[in-house]
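Breakdown of the fold
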There are 2 protein chains.
Amino acid sequence: MFTVGEFSRICQVSIKTLHHYDRIGLLTPLKVDPFTGYRYYGQQQVERMLLISRLKRYGFSLDEMKSLLECEDERVLFSRLSRQKEVLKAQRRETELAIAELSAHLQDFQKTGDIMGYQKNYEITVTETTDRVVIASRQVMAVRDFGRYYGALYERIARERLTPDGVCGAVYYDEEFNHESTDIELIVGIREKDRADKIMKGQLCAWTVHRGPYSSLSDAYGALVTWIEENGYAWDGAPYEIYIKTQFDSLAPEDWETEIFFPVKRK
Amino acid sequence: MFTVGEFSRICQVSIKTLHHYDRIGLLTPLKVDPFTGYRYYGQQQVERMLLISRLKRYGFSLDEMKSLLECEDERVLFSRLSRQKEVLKAQRRETELAIAELSAHLQDFQKTGDIMGYQKNYEITVTETTDRVVIASRQVMAVRDFGRYYGALYERIARERLTPDGVCGAVYYDEEFNHESTDIELIVGIREKDRADKIMKGQLCAWTVHRGPYSSLSDAYGALVTWIEENGYAWDGAPYEIYIKTQFDSLAPEDWETEIFFPVKRK
DNA sequence: TATAGTGCCTGACCCAAGGGGAGAGTCAAT
DNA sequence: ATTGACTCTCCCCTTGGGTCAGGCACTATA
């Protein structure tokens, strides 16, 4: 049996952490002296603690670990670990994106001598758009569920034998920003005018192209809003994006292209 | 000028976040109505906010951003961004390590049908070690500074024209576990017995080999401690590791090998 | 001009995963 | 018996916000 201090040295974990794990019931000592409150740990606890350290490296939260370690079914355990591997891979992708973005930023910085140099890269013009014939699906969704809803739209196209014209985008109606649930309408352009869900009337729009991953899309929105204000226009409807070059063209995120349209009117 | 709601939509940031940034002084509105307390933001704030979002993606803390954005010298700014890129790369390496470790774990799991199956991989034996002739450097250091102190040792070997015999390791004297400062003695074996800092006397040791990255080293320590207790031995001195296969053999972390020696005596 | 429907304010409390320190009690060796 | 190391509980602190609650402010419509 080990005291907390010994146990902490063996497992390379701080005493504070052990107290914490005891309180939340993740790792309780083998025995606690009822009079002094001293904690005594045994071998089994060493093994459990080392497993906990591992799971922590895998990115599990303490809560998740608790339910994991209570889990009896080994297949469930296995699939939970496998899923976590996907989570780690997603995290790696995100870090890679950030590295790519930062690298591009450093280049812009060096060229322009301005940490905000990247903002000058947006060429903004006003155009009269033509009508767009689209099928649409509007709902409140989390940004990360985009893929799922697009899937449904494309299934519908197949089922109803429609002909997509290559346009693919999203309209933002949000009245309040919220990553978890935003009022978005996904649109896919089709040729069959009579069977469309709606026709987006041509309209005066401030327009620009964003090159790079979606995480920096709001830079483009910001540039547009600033430009609109500075050039004597005013908003006139919900802005929308059209995806021009995406991952489906097997391009890296830094080469993706998105057109952004902001309906405006003269002030 | 925009109200918080508008501003939050433009910048894709929640109102609560804007309140928070205002309180900590990271992003203060252009104007605050002294009677109603309403916040009004301008274009400059849009740019600043978007830059903040970027910096957040790069992994800066809000505190770091504050000092970054107050920084006047562009060379300092540039080098801070460059350093952050290294931080992101280190993070990516760590995630990759975790993925590799988890993959290996899943294989062990599948083979043994036990989530703790990996623990059975340690073959532990008791041996009488031979004397080791070493130069040594003992101090309280952070684990991450290992490299720096080893550099100093190898410089000394070059300067004093000593002959390393290929042994390279570390002795752990810690009385209290702490990642930031631990009492460690780095050792490098040499041939010149008369010019050594010390001779580690041969001793009875429980011994095992750890295969894999250093993050899971404590598994080996745990296995040893358990084994020692179960087999009627007792600790008898500070444990030490010898690095057998490392990154300097241009191997991936999952192939590194570390021998661990735990001085023991019969109980 | 009254009123409804938003929008916005502050303040208080909450989360994870512990860290730091105070003040008091315990253990083991001298 | 005393010292020094060890441990206990309790409370507050951190980061980056989220979540109400209660109370004003603004604007459009009737």
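Summary of the structure given here. Values in this document were obtained by computation on a predicted structure and should not be read as measured data.

1. Remarks on the protein's contact with DNA strand D
Looking at DNA strand D, there are 20 residues lining it, with T3(A), H19(A), R39(A), S14(B) and Y21(B) nearest. Protein-adjacent atoms of DNA strand D, using a 4 Å cutoff, are sugar or phosphate at a proportion of 77%. G5(A) places a polar main-chain atom, nitrogen or oxygen, 3.0 Å from a phosphate oxygen of DNA strand D. Among the elements of the structure, α1 (4–11) and α2 (15–24) of chain A together with α2 (15–23) of chain B are those that each provide at least two residues to the surface near DNA strand D. When residues in the surface near DNA strand D are grouped by element, the largest group, four residues, is from α2(B).

2. Topic: the sheet that holds strand β1 (residues 2–3) of chain B
All names here are of chain B. Taken together, three strands build an open sheet; the order of strands is β1-β3-β2 and the sheet is antiparallel. The open sheet is flanked by β1 and β2 (31–32), the only strands paired with a single partner. One ladder, built from two bridges, connects β1 with strand β3 (residues 39–41); its direction is antiparallel. Following the sheet pairing, F2 is matched in β3 by Y41.

3. As for the relation of the copies chain A and chain B
Structural alignment of chain A on chain B gives an RMSD of 0.2 Å, achieved by rotating through 180 degrees and translating 0.0 Å along the axis. The superposition operator between the copies reduces to a two-fold rotation axis. Taking C-alpha positions as reference, the residue of chain A nearest the rotation axis is R92(A), located at 2.9 Å. Mapped onto chain B, 100% of the interface residues of chain A again fall at the interface, so both copies present the same surface.

4. Quick notes on the pattern of salt bridges
Enumeration over the complete set of coordinates arrives at 22 salt bridges over all chains. Put simply, R57(B) and E101(A) hold a salt bridge, and the shortest N to O gap is 2.5 Å. Pair noted here: R57(B) is in helix α3 (residues 43–57) and E101(A) is in helix α5 (residues 74–112), and the two residues belong to different chains. Classification of E101(A) by relative accessible area gives buried; the value is 8%. Where R156(B) meets E160(B), a salt bridge forms, and the shortest distance between an N and an O atom there is 3.2 Å. Counted as one network, the salt bridges with shared partners bring together R54(A), R57(A), E101(B) and D219(B).

5. Comments concerning the interface of chain A and chain B
Quite often, the size of an interface is put as the accessible area lost when its parts meet. Every contact between the two is made by 59 residues of chain A and, on the other side, 60 residues of chain B. Here chain A and chain B share an interface that buries about 6100 Å² over both sides, 66% of which is from carbon and sulfur atoms. At the boundary of chain A and chain B, one finds six salt bridges. Residue E101(A) pairs with R54(B) through a salt bridge whose shortest N-O separation is 3.8 Å. The interface formed by chain A and chain B contains twelve residue pairs in polar contact (both at pLDDT 80 or more).

How each quantity is defined
Residues numbered from 1 in each chain as written. Chains lettered and ligands numbered in written order. Predicted model: local features only at pLDDT ≥ 70, side-chain atom pairs only at ≥ 80, totals over all residues. Heavy atoms only, no water. Near = heavy atom within 4 Å. Polar contact = N/O pair within 3.5 Å; in protein donor to acceptor, adjacent residues only side chain to side chain. Helix = DSSP H or I, 4+ residues; strand = E, 2+ residues; numbered from the N terminus. Pairing = 2+ DSSP bridges. Least-squares fit on C-alpha atoms with pLDDT ≥ 70 in both. Contact = heavy atoms within 4.5 Å. Salt bridge = Lys/Arg side-chain N within 4 Å of Asp/Glu carboxyl O. Buried < 20%, exposed > 50% of the residue type's maximum accessible area, 1.4 Å probe, protein only. Buried area = accessible area lost by both parts, 1.4 Å probe.

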